[in-house]
Number of protein chains: 2
Amino acid sequence: MSILVVGSVAFDSIRTPDAEHADLLGGSATHFSVAASFFSPVRLVAVVGEDFGEDQLAPFRERGVDLDGLQRVPGRTFRWSGEYGANPDEARTLDTQLNVFADFRPALPAGWDATPVLFLANIDPELQDSVLDQMSAPRITALDTMNFWIAQKPEQLKRTLARVQILLINEGEIRQLTGAHGIVEAAQRTRALGPQVVVIKRGEHGALVVDDDGFFAVPAFPAVRVVDPTGAGDSFAGGFLGYLASRAPDGRPDYRRAAVLGSVMASFQVEAFSLERVRRLQPGEITGRFEAFRRLTRFGEPDFLDALQQRAATR
Amino acid sequence: MSILVVGSVAFDSIRTPDAEHADLLGGSATHFSVAASFFSPVRLVAVVGEDFGEDQLAPFRERGVDLDGLQRVPGRTFRWSGEYGANPDEARTLDTQLNVFADFRPALPAGWDATPVLFLANIDPELQDSVLDQMSAPRITALDTMNFWIAQKPEQLKRTLARVQILLINEGEIRQLTGAHGIVEAAQRTRALGPQVVVIKRGEHGALVVDDDGFFAVPAFPAVRVVDPTGAGDSFAGGFLGYLASRAPDGRPDYRRAAVLGSVMASFQVEAFSLERVRRLQPGEITGRFEAFRRLTRFGEPDFLDALQQRAATR
C-alpha cells in the first residue's frame, strides 16, 4: 500500500566532532520517504523554494518517490543548522530559517486523499490536523512531533493526537508531553490521549514499542560508527511505516518487526551525512542487518532451573 | 561452583521522590550476594562495625550466604546517604561515612583462596588487587568499579583490570575510563586493557555485553515501578555471575543468558527498598521474568523479502 508523508524538505548545515558540511539535503519528509521507499510506494507533500534544483530531486526520483505533492514556491528552502558534540543524541540548533516553510499549507494532489497510510512528520500540529481533514479514510495514521510543539501548542497537539493510531516520539519528549518520568506511565498517559501504539525513540539506546500486546524493546545497532545522527528518527519512522504499509491490509500489523526495520534503517542513516548511505542501499543489506539485530538480541532457553531448585532446596 | 564476593556492607539512607528511609541494609557485596545466592553458593568478604546486629545478618543467613569472611571490628559500619530525582539513573550522594570501611583489608578465611569464581565489587582497586593476590587460581574473575576510582587511581585500576576476565561498568564510566564516546570504541579500548568480556550497564536502558562473539543487548524491564534504584547494578552482577557459576565448569560460558538473568535480578531489586523484594523471591518468579524478557525482545522471521524485491524491481 502507498504511504503519504507530509513534512519538511530542507537544507541542513551540520557540524559533528569530525566534520562539517553545508547545504545537505535533509528534512523529516526527505529522510522518511527515502527510507520508506524500500518497502512501499511513497507520496511526498512538502514545500521547497527556488533554490531547490534538479540535483536535489535526484535521490527522490531514484527511489521512485512521487513528487506531485512537492510545492515549489518563490523564496528560499527551509534551512537548519546544527551541531553535535560527543553525544550523538544531543543536537544543538545553531540556526533555523523557516523561509518558504513558514507559509506552508499542505495541499493534497487529486486522488491522494485516498492514500491508505499517512505519516505526519514533525510539523505544526495544526497543519497535521489540516492534513487529516483532507484524507478520506486512511487505514494507518502515524505522527511525529517535537519539544517545540509540546511546549507551544499542547492543546492543538492533543486534539491532533486524538485522531491518529501511532505516535513516534523521543524519550525526553514523551516525558515532557505527559509529565511522567516513568516510561510505562508516560506511555499509558499517551495512549489515553488517542494513539494506541506508542513508539518511544531512545536514540543510541534503541526504541520501545507500547501497544495492546505490551512492550517490545529493540536496541540501537551498536556496531556502527555514528557519522551524523541527523535524520535517524525519520529513517526509523520510514522503515517502521514502510514495512507496515507493505504488509497491510493482510492480517494484524506486526509492530515488532516494524520497529526492528525502523532501527535497521536508522542504523544505516547515521553511517553517513544526508542520504549518502541510505539512498544506495541494496535489499540484501537491509535483510542482512535485520539478521544482525536478531544476533544482537537473541538468547537461549532457560537452562538454570536445576540450579534454582537446588539452591531453593538448600534454603 | 561457589562465588567469593569482596565489597561493601553498608547502611543506606535513601530519599526518592516518593519516600525516605534511613539505615537500610545495603552495600555492593550485600546486593550482589543475595542476588547471586539464588543460583550458586556465595562467600562474603566484607567488614561491619559494632552497630551491625543479628537483624542485619538475617537476610544473608536466609539466603545461605557464608559469612565466615565478614569481619566485625570496633567502630561504626559504612554509611551512605543518597537522593534520587525523577531520573532513577542519577543518584546524588548526600553523605558518605566510610567508618570501619576506611581501614578494610580483605582477608580470606582458610580454604577460600580456592573459590572458583571471584567478584570484586566496587572498592579501591588496590584492595581488589590484594584479593587477586590471595586467590590460588579462580576460573572466573569479574570486577566492578566507579567514577571515583577511574579519576583517582587510574593506573592502579588498569593494573587490576589486566588481571580479570570480566568488567561490569556503567556507560558513563566506560567513557570516562577510555576517553571514547562511541560505545564500540570504548569497549574495544577496555578489552585491550585486559577483560575480554565487558558488560556495559545502562540503567533504565539495559545492558550491552561485548565479548569475542560480538554484541548482545538486553533492555531493562520496562514494566516495573522503580521504587529505589539502589543496588540495581550489584543485583545485575549477582544474577550475571550467579548464573555463570551455576553452569561452570561445563562448556562455554553463556554471557547472554547471564546478562538476561542480571537484568531479571536488577528488575526485582528496584521494585522495593533494600532487600525487601529480592530476599523473598521464589524460583518461579525468576523464571517467569526471564520469559517476560523473551516476550519483551523477540520478533518474527523476515516476511518483507517480497516487498523489498518488488520495490527494487520498480526502481
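No experiment lies behind these values; they were computed from the predicted model shown.

Parameters and conventions
- Along each chain, the written sequence defines residue order, and numbers are assigned to residues from 1.
- The lettering of chains begins at A and the numbering of ligands begins at 1, in the order of writing.
- Since the coordinates come from a predicted model, pLDDT governs what is reported: local features require at least 70, and pairs of side-chain atoms require 80 or more to be given and counted, while whole-chain, interface and lining totals use all residues.
- Comment: elements are numbered from the N terminus, with helices defined as DSSP H or I runs of at least four residues and strands as E runs of at least two.
- Radius of gyration here uses only the C-alpha atoms, and the compact-globule reference equals 2.2 Å multiplied by the residue count raised to the power 0.38.
- In this scheme the burial state of a residue depends on its C-beta neighbours within 10 Å: 20 or more other such atoms mean buried, 12 or fewer mean exposed, and anything in between means partly exposed; the C-beta positions come from the backbone.
- Residues are treated as contacting if the C-beta atoms built from their backbones sit within 7 Å of each other.
- When DSSP finds two or more bridges between a pair of strands, those strands are recorded as paired.
- Every axis corresponds to a line fitted to the C-alpha atoms, with the helix fit spanning only the stretch in contact, and the corresponding angles, defined between N-to-C directions, vary from 0 to 180 degrees.
- The nonpolar class holds Ala, Val, Leu, Ile, Met, Phe, Trp, Tyr, Cys and Pro. Asp, Glu, Lys and Arg form the charged class, and all remaining residues, Gly among them, are polar.
- Here the copies are superposed with least squares, the fitted atoms being C-alpha atoms of residues at a pLDDT of at least 70 in both.
- We call two directions roughly parallel when the angle between them is under 35 degrees, roughly antiparallel when it is over 145, roughly perpendicular when it lies between 65 and 115, and oblique otherwise.
- Here a crossing is taken to be left-handed if its near helix is turned anticlockwise relative to the far helix by less than a right angle, and right-handed if that turn runs clockwise.

Here we take up the overall build of chain A. Within chain A, the regular secondary structure consists of eleven helices and 13 strands. The globule rule puts the C-alpha radius of gyration for 315 residues at 20 Å, and the 20 Å found for chain A is close to it. Principal-axis analysis of the C-alpha atoms gives chain A an extent of 80 × 45 × 35 Å. Taken over 315 residues, chain A has a buried fraction of 52%. Counted over contacts in chain A with a minimum sequence separation of 6, partners at least 24 positions apart contribute 67%.

Let's shift gears to the sheet that holds strand 8 (residues 117-120) of chain B. All names here are of chain B. Spatially, nine strands are ordered 5-4-1-8-9-10-11-12-13 in an open sheet, and the strand pairing comes out mixed. In the strand order of this sheet, the two ends are held by strand 5 (66-72) and strand 13 (214-218), each with one partner. On average, each strand axis in the sheet is tilted by 15° relative to the strand beside it, whichever way the strands run. Across four bridges, the pairing between strand 11 (residues 197-201) and strand 12 (residues 207-211) is antiparallel. Within the sheet, the bridge partner assigned to Lys-201 lies in strand 12 and is Ala-207.

Facing 51 residues of chain B, the contacting portion of chain A comprises 50 residues. Within the residue set of the side of chain B that touches chain A, elements represented by two or more residues are helix 7 (183-192), strand 13, helix 8 (232-247), helix 9 (255-269), helix 10 (283-297) and helix 11 (305-314) of chain B. The residue makeup of the side of chain B that touches chain A, split by class, is 27 nonpolar, 14 polar and ten charged.

What follows covers the relation of the copies chain B and chain A. The two copies are related by a screw operation: chain B maps onto chain A through 180° of rotation and 0.0 Å of translation along the axis, at an RMSD of 0.0 Å. Expressed as an axis order, the relation between the two copies is that of a two-fold axis. Across chain B, the smallest distance between a C-alpha and the rotation axis is recorded for His-205 of chain B, namely 3.1 Å. A shared interface surface links the copies, since 98% of the contact residues of chain B are contact residues in chain A too.

This next bit is on the packing of helix 11 (residues 305-314) of chain A against helix 10 of chain B. Relative orientation of the contacting elements helix 11 of chain A and helix 10 of chain B amounts to 160°, with a least axis distance of 10 Å. Classified by the interaxial angle, the pair formed by helix 11 of chain A and helix 10 of chain B is roughly antiparallel. The two elements helix 11 of chain A and helix 10 of chain B cross, and the hand of that crossing is right-handed. Of helix 10 of chain B, the residues touching helix 11 of chain A (which contributes Leu-305, Leu-308, Gln-309 and Ala-312 of chain A) are Pro-283, Ile-286 and Thr-287 of chain B.

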